[in-house]
Amino acid sequence: ARDGVHTTLQKILFRLKNRKFFVKRKYFQGENRDPDLLYQSWREKHMLTRGDFARMKEKSEKFAYQPVVSVVIPIYKPDLHYFRRAVESIQSQVYPHWQLCLCDDGSNDPTLEKVLKDYEREDPRIAARIEKANGGIVSASQKASELAKGEFIAFMDQDDLLTPDALFRVSEKL
């Protein structure tokens, strides 16, 4: 039995030393490793189901401590497709106690202004501020933070996405 363990360890060390790894579909060696395929394999293995999300939502309703998390997004001339996806990623959180604080930093875009006003009207957890002059990302972040009513503040960019369990994961640790 000891020889079997020794041989196995030698094989593992050889593969590590020569950068030869087996990951689900093929060998990745040296320069030929494909990080996208590695991530895809990891993600398939760890993908959450609708049932997982339903259990998280139910569990979050029973947390003894349910703080509001204010998510701050400074905005400047966003690609509306990616911006909408960012907002939707907040709206799809399984943890329901969040607030979204937006500040447009002088984009002067009537379409964006309408989108922001629509979000505010449709969801009371969303607050927006529209500035006429560009003051930079720090200024926009501060102005959006002034809208925050939550006990905690999280920052994200206008084109970032949060997985539906992100705020749940944070809140369950508090």
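What counts, and where the lines are drawn
- Each chain carries its own residue numbering, running from 1 in the written order of its sequence.
- Two thresholds apply to this predicted model, a pLDDT of at least 70 for residue-level local features and 80 or more for giving and counting side-chain atom pairs, whereas whole-chain, interface and lining totals are computed over all residues.
- Side-chain figures throughout are based on the complete set of non-hydrogen atoms in the structure, without hydrogens or water.
- Note on pairing: two strands pair once DSSP finds at least 2 bridges between them.
- By definition, any uninterrupted DSSP run of H or I lasting at least four residues is a helix, any uninterrupted run of E lasting at least two residues is a strand, and each is numbered from the N terminus.
- Axes, fitted as lines to C-alpha atoms, cover a helix only where it is in contact. Angles between the N-to-C directions of the axes lie from 0 to 180 degrees.
- Should an angle fall under 35 degrees it is called roughly parallel, over 145 degrees roughly antiparallel, and 65 to 115 degrees roughly perpendicular, with every other angle called oblique.
- Each crossing gets its hand from how the near helix is turned against the far one by less than a right angle, where anticlockwise is left-handed and clockwise is right-handed.
- Here a residue-residue contact requires only that any non-hydrogen atoms of the pair lie within 4.5 Å.
- Under the scheme applied, nonpolar residues are Ala, Val, Leu, Ile, Met, Phe, Trp, Tyr, Cys and Pro; charged residues are Asp, Glu, Lys and Arg; polar residues are all the others, including Gly.
- Relative accessibility decides the category of a residue: with a 1.4 Å probe and only protein chains considered, values under 20% of the type maximum give buried, values over 50% give exposed, and everything between is partly exposed.
- We define a salt bridge as a contact between a side-chain nitrogen of Lys or Arg and a carboxyl oxygen of Asp or Glu at a distance within 4 Å.
- The term nonpolar core refers to a set of buried residues drawn from Ala, Val, Leu, Ile, Met, Phe, Trp, Tyr and Cys, joined through side-chain atoms within 4.5 Å.

Caption draft 1: Looking closely at the sheet that holds strand β6 (residues 152–155). One open sheet accounts for four strands, arranged β5-β4-β3-β6; its pairing is parallel. Looking at strand neighbours, the two that pair on one side only are β5 (126–131) and β6, the edges of this open sheet. The average angle at which neighbouring strand axes cross in this sheet is 20°, direction not considered. By the bridge criterion, four bridges tie strand β3 (residues 69–75) to β6 in an arrangement that is parallel.

Caption draft 2: Fine view of the packing of helix α3 (residues 50–60) against helix α7 (residues 166–173). Orientation of α3 relative to α7, taken along the N-to-C sense of each, is 40°, at an axis distance of 11 Å. The angle between α3 and α7 falls in the class oblique. As α3 packs across α7, the resulting crossing turns out to be left-handed. For the pair α3 and α7, the contacting residues are Met56, Lys59 and Ser60 in the first and Phe168, Arg169 and Glu172 in the second. Its residues placed into classes, the contact of α3 with α7 shows two nonpolar, one polar and three charged.

Caption draft 3: Structural context of the pairing of β3. Counting buried positions over the seven residues of β3 gives seven, a clear majority of the element. Neither face of β3 is left uncovered, since the one carrying Val69, Val71, Ile73 and Ile75 and the one carrying Ser70, Val72 and Pro74 both have all their residues buried. Where β3 and strand β4 (residues 98–105) come together, seven bridges link them in parallel fashion. Bridging from a neighbouring strand, Ile73 pairs with Leu102 of β4.

Caption draft 4: View of unusual backbone geometry. One non-glycine residue, Lys77, adopts positive backbone phi at about 45°. Residue Lys77 is classed as exposed on the basis of its relative accessible area of 54%. Even without a glycine there, the phi angle at Asn108 is positive, about 50°. Mapped onto the elements of the fold, Asn108 is located in the loop between β4 and α5 (110–122).

Caption draft 5: Focus on the pattern of salt bridges. Taken as a whole, this structure holds twelve salt bridges when the rule is applied. Residue Asp118 is joined to Lys114 by a salt bridge in which the shortest nitrogen-to-oxygen separation is 2.8 Å. Of this pair, Asp118 and Lys114 both sit in helix α5, four residues apart, roughly one helical turn. Asp123 is paired through a salt bridge with Arg125; the nearest N and O atoms lie 3.2 Å apart. Several salt bridges share partner residues, and in doing so they unite Lys59, Asp165, Arg169 and Glu172 into one network.

Caption draft 6: Up close: the nonpolar core. In this structure, Val71, Phe83, Leu100 and Leu102 are the most contacted members of the largest nonpolar core, which totals 25 residues. Listed by contribution, the elements that provide at least two residues to this core are β3, α4 (80–91), β4, α5, β5 and α7. Examining the composition of this core, we find that five residues originate from one element, α4, more than from any other.

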